[in-house]
Amino acid sequence: MARPTKALIDVEALRSNYALTLQKTGGKCMPMVKANGYGHGTEIVCRALGNAEAFGVASIEEAMEIRSLGIMVPILLLEGTFSADEILTAEKYNFWLLIENHRQKHDLIKAPIKKALTLWLGIDTGLHRLGFHPSEISSVYKDLMSSKKMKSTSVLASHFASADQPDNATVALQLGTFDDAYAKIEIPPNHRVEQSIANSAAILSLPKSYRNWQRPGYMLYGNSPFPQENLHEGLQPVMQFVSAVTSIRSINNGESVGYSATWTARRKSLIATVSAGYGDGYPRHAPNNTPVLIGGKRQPLVGRVSMDMITIDITDEPEIQIGDVVTLWGPDLPVNEIARVCNTNGYELLSGVTSRVPRIAINQ
Ligand SMILES: Cc1ncc(COP(=O)(O)O)c(C=O)c1O
């Protein structure tokens, strides 16, 4: 029998979340499939969303992994190229490039490519991480256009810092900066510059940010991008992170459980050991009382999370047996809830599920 720790990936839920995104925005949507499809497995996610207009990834290695599966959907490198040689690979494999700094622009202008590429021009509207200064964008556009390395249709793109707080004043400021910069680009009659700014939180809360392209990530995987919310209406969680009870023991009042004895029994207690730990991506910082689900009921984690195991106090549910399925997060135990008690967000938990956890597609 194999180790019971698995990530069950609900393909139907993923497709339904994508359909909801399309229906809500009316525009083109580029699923973000970086970081192993937010931890769900590149292959399962890209095959499930194989009719998307394009995918977004963080590196050429991630893009090549998708091409190696025989999936020919255009792929945008969201950070552009890290070195000039990647431009040749991009030409060969139909990768789209985000050009976000002068080094990338220079490399592209000099690159010995035969075909013009689809380019997205990154503008820094306030996140201050990537992108040209708004005052530079019209001259960058001119330079790229005259280089003949850019196709006649390009995209102006930016990214929100705080779209998950829709009342945050920076959201409107970023949108205003984006619109002002776009208005200053001189677009020749036979050229077109599309726009893209909305991520999941903006798609769900800010219709005025809808442009030609939306870039949904977290919402596709079915959890709320608003950290205070567990689930968002209409979205269905895609990952169910499961394991099983693999050992049960009784300990006496006053005995402790786990490394550094961070939990001590206050009564005679039954402890179930579950075969999942931080080596699988379950957060090591999960405190005592973090819930897991066994037989549909919440039971508290006790003791420190170790690399391969966690321990659960099942004193009040003595009928629990070895082999019972344990849900670490999933549709009935939102990853956002686990993230909150661990002082992180669900993005980190999902993308942190490690490579030793098999991803199993269900509801295909
Ligand atoms: C450039 C860019 N666009 C879109 C997204 C998608 O964001 P979300 O997962 O919040 O929808 C990300 C995610 O980090 C991103 O880096």
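Owing to the predicted nature of the structure, the values given are computational and were not obtained by experimental measurement.

**A closer look at the pattern of salt bridges**
Here is step 1 of the chain: All told, the structure shown has 14 salt bridges when counted by the stated rule.
Here is step 2 of the chain: In this structure, Glu43 engages Arg47 in a salt bridge whose closest nitrogen and oxygen atoms are separated by 2.9 Å. With a gap of 4 residues between them, Glu43 and Arg47 both fall in helix α3 (residues 42–48), about one helical turn apart.
Here is step 3 of the chain: Residue classification places Glu43 among the partly exposed positions, given a relative accessible area of 39%.
Here is step 4 of the chain: Measuring nitrogen to oxygen at the nearest pair gives 3.1 Å for the salt bridge that ties Glu317 to Lys297. Of this pair, Glu317 sits in the loop between β16 (310–313) and β17 (325–329) while Lys297 is found in strand β15 (residues 297–300), placing the two residues 20 residues apart along the sequence.
Here is step 5 of the chain: Residue Glu317 is classed as buried on the basis of its relative accessible area, which comes to 13%.
Here is step 6 of the chain: We classify Lys297 as partly exposed; its relative accessible area is 44%.
Here is step 7 of the chain: A cluster of three or more residues bridged by salt bridges with shared partners is formed by Arg3, Asp280, Asp308 and Arg356.

**Describing the environment of Asp280**
Here is step 1 of the chain: Tracing the backbone shows Asp280 in the loop between β13 (269–274) and β14 (291–294).
Here is step 2 of the chain: For the pair Asp280 and Phe241, spaced 39 residues apart in sequence, the C-alpha separation works out to 9.9 Å.
Here is step 3 of the chain: Here Arg356 takes part through its side chain, which lies 2.7 Å from a polar atom of the side chain of Asp280.

**Quick look at the nonpolar core**
Here is step 1 of the chain: Tyr282 and Trp329 are the most contacted members of the largest nonpolar core, which has 106 residues in total.
Here is step 2 of the chain: Two domains share this core, each providing at least three of its residues, namely domain 1 (11–221) and domain 2 (239–362).
Here is step 3 of the chain: Residues within four places of Tyr282 in sequence aside, it is in contact with Phe241, Gly277, Thr290, Pro291, Val292, Leu301, Val305, Ile310, Leu328 and Trp329.
Here is step 4 of the chain: Counting residues in each nonpolar core, the second largest holds 6 residues, with Trp263, Ala265, Ile271 and Val302 among its members.

**Thoughts on the domain arrangement of the chain**
Here is step 1 of the chain: With domains assigned, the chain is organised as domain 1 (11–221) and domain 2 (239–362).
Here is step 2 of the chain: Each of domain 1 and domain 2 has a C-alpha centre, and the two are 38 Å apart.
Here is step 3 of the chain: With 10 residues of domain 1 at the contact, the number on the domain 2 side is 11 residues.
Here is step 4 of the chain: Roughly 900 Å² is buried in total at the junction of domain 1 and domain 2, and carbon and sulfur atoms are behind 62% of that figure.
Here is step 5 of the chain: At the junction of domain 1 and domain 2, the tally comes to 0 salt bridges.
Here is step 6 of the chain: Our enumeration of links across domain 1 and domain 2 arrives at 3 residue pairs in polar contact (both at pLDDT 80 or more).
Here is step 7 of the chain: Sorting the residues of the side of domain 1 that touches domain 2 by element identifies α1 (11–25) and α2 (34–38) as the ones contributing at least two each.
Here is step 8 of the chain: Element by element, the count of residues in the side of domain 1 that touches domain 2 is highest for α2, at 3 residues.
Here is step 9 of the chain: Looking at the side of domain 1 that touches domain 2 residue by residue, the class counts come to 5 nonpolar, 4 polar and 1 charged.

**A few points about the state of the cysteines**
Here is step 1 of the chain: With the rule as written, the count across this model stands at 0 disulfides.
Here is step 2 of the chain: Here Cys29 stays unpaired: no disulfide links it, and the sulfur of Cys46, its closest cysteine neighbor, is 15 Å away.
Here is step 3 of the chain: Given the relative accessible area of 0%, Cys29 is considered buried.

**Let's talk about the layout of surface pockets**
Here is step 1 of the chain: In this structure, the largest pocket spans a volume of roughly 1,000 Å³.
Here is step 2 of the chain: Lining the largest pocket are 44 residues, and of these Lys34, Tyr38, Arg129, His159 and Asn199 sit closest to its centre.
Here is step 3 of the chain: Elements supplying a minimum of two residues to the lining of the largest pocket: α2, β6 (119–122), α9 (200–205), α10 (335–341) and α11 (346–351).
Here is step 4 of the chain: Classifying every residue of the lining of the largest pocket by side-chain character gives 20 nonpolar, 16 polar and 8 charged.
Here is step 5 of the chain: Residues lining the lining of the largest pocket come from more than one domain, with at least three contributed by each of domain 1 (11–221) and domain 2 (239–362).
Here is step 6 of the chain: Its volume calculated, the second largest pocket comes out at about 160 Å³.
Here is step 7 of the chain: Taken together, Val257, Gly258, Tyr259, Thr273, Arg304, Ser306, Met307, Asp308, Met309, Ile310 and Thr311 form the lining of the second largest pocket.
Here is step 8 of the chain: Looking at the lining of the second largest pocket, its residues break down into 5 nonpolar, 4 polar and 2 charged.

**A short note on the site of the ligand**
Here is step 1 of the chain: Around the ligand, the neighbouring residues are Met32, Lys34, Tyr38, Arg129, His159, Asn199, Ser200, Arg215, Pro216, Gly217, Tyr218 and Tyr347.
Here is step 2 of the chain: In the model, an oxygen atom of the ligand is placed 2.5 Å from a nitrogen or oxygen of the Ser200 side chain.
Here is step 3 of the chain: Separating an oxygen atom of the ligand from a backbone N or O atom of Tyr218 is a distance of 2.8 Å.
Here is step 4 of the chain: For the ligand, the protein covers 87% of the area, taking 400 Å² as the surface of the free molecule.
Here is step 5 of the chain: Tallied by class, residues from the shell around the ligand come to 5 nonpolar, 4 polar and 3 charged.

The rules behind each value
- Residues numbered from 1 in each chain as written.
- Predicted model: local features only at pLDDT ≥ 70, side-chain atom pairs only at ≥ 80, totals over all residues.
- Heavy atoms only, no water.
- Salt bridge = Lys/Arg side-chain N within 4 Å of Asp/Glu carboxyl O.
- Helix = DSSP H or I, 4+ residues; strand = E, 2+ residues; numbered from the N terminus.
- Buried < 20%, exposed > 50% of the residue type's maximum accessible area, 1.4 Å probe, protein only.
- Polar contact = N/O pair within 3.5 Å; in protein donor to acceptor, adjacent residues only side chain to side chain.
- Core = buried A, V, L, I, M, F, W, Y, C linked by side-chain atoms within 4.5 Å.
- Domains from an automatic or database assignment.
- Contact = heavy atoms within 4.5 Å.
- Buried area = accessible area lost by both parts, 1.4 Å probe.
- Nonpolar A, V, L, I, M, F, W, Y, C, P; charged D, E, K, R; others polar.
- Disulfide = S-S within 2.5 Å.
- 1 Å grid on protein atoms, 1.4 Å probe; cavity = no way out; pocket = protein on both sides within 12 Å on 5 of 7 lines; lining within 4 Å.
- Points joined across faces, edges and corners; volume = space filled by probe spheres on them.
- Near = heavy atom within 4 Å.
- Areas by Shrake-Rupley, 256 points an atom, 1.4 Å probe, with all protein chains shown as cover.

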